[in-house]
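The primary structure of each chain is shown beneath.
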Amino acid sequence: MDSSSAPAILVVDDNDDNAEIVRALLESRGFSVIVAHDGDEALSLFESARPPLVLLDVLMPGRSGWEVCRLMRQHPAHGRNVRIVMLTALADWNDKQSAIQTGADDYITKPLDLADLEPRVRRHPPPVIPPARPLPPPPFTPPTHFPSSAP
């Protein structure tokens, strides 16, 4: 993936070390990455950069990851097109269910398994937008030679 032309992945984590580890790993694999350290910064970058994928911490000061996810999903132009993966130390089944109900596409628990992060990121490409109109059928070409029925 050419990071100079690909839209950046948005990594949101209030812990600078966690954000830096994820950023460094993804950039070393050719991804372009932007980082936000709180919910408001994440929403601002989401609006301006329109990332195809957001890796979103849940427990942050101010707006929680749950609230940020919900607000991103409500965005009129980009909310349906983004993939959101929650990154959190919360490992309870109810937390995973809450993530999906909030609009997340996936849920990764911390501490992160770095060997698993890249495949999980690659599993969440942006959705394919269907063409506005279906392609017309190919033109009919009648056969030029008909077999003769006489022996």
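My aim in this report is to walk through the structure given alongside it, one point at a time. (Residues numbered from 1 in each chain as written. Predicted model: local features only at pLDDT ≥ 70, side-chain atom pairs only at ≥ 80, totals over all residues. Heavy atoms only, no water.)

Here we come to the sheet that holds strand β2 (residues 33-36). Pairing is parallel across the open sheet formed by 5 strands, whose spatial order is β2-β1-β3-β4-β5. Each having just a single partner strand, β2 and β5 (106-109) make up the two edges of the open sheet. For this sheet the average axis-to-axis angle between neighbouring strands, irrespective of direction, equals 20°. Bridge analysis of strand β4 (residues 83-88) against β5 gives 4 bridges, and the strand direction is parallel. The residue of β5 that forms the bridge with Val85 is Asp106. Packing of helix α3 (residues 65-73) onto the sheet brings it into contact with β1 (9-12), β3 (53-57), β4 and β5, and relative to β4 it is tilted by some 180°. Contacts from helix α5 (residues 114-122) reach β1, β3 and β5 within the one sheet, and its direction differs from that of β5 by about 170°. (Pairing = 2+ DSSP bridges. Helix = DSSP H or I, 4+ residues; strand = E, 2+ residues; numbered from the N terminus. Axes fitted to C-alpha atoms, helices over the stretch in contact; angles between N-to-C directions. Contact = heavy atoms within 4.5 Å.)

Moving on: the pairing of β3. Among the 5 residues in β3, 5 count as buried, and that is most of the element. A two-sided burial pattern is seen for β3, the buried positions comprising Leu53, Leu55 and Asp57 on one face and Val54 and Leu56 on the other. Note: β1 against β3, 3 bridges, orientation parallel. In the sheet register, Leu10 faces β3, and the bridge partner there is Val54. Pairing analysis gives 5 bridges linking β3 to β4, with the strands arranged parallel. (Buried < 20%, exposed > 50% of the residue type's maximum accessible area, 1.4 Å probe, protein only.)

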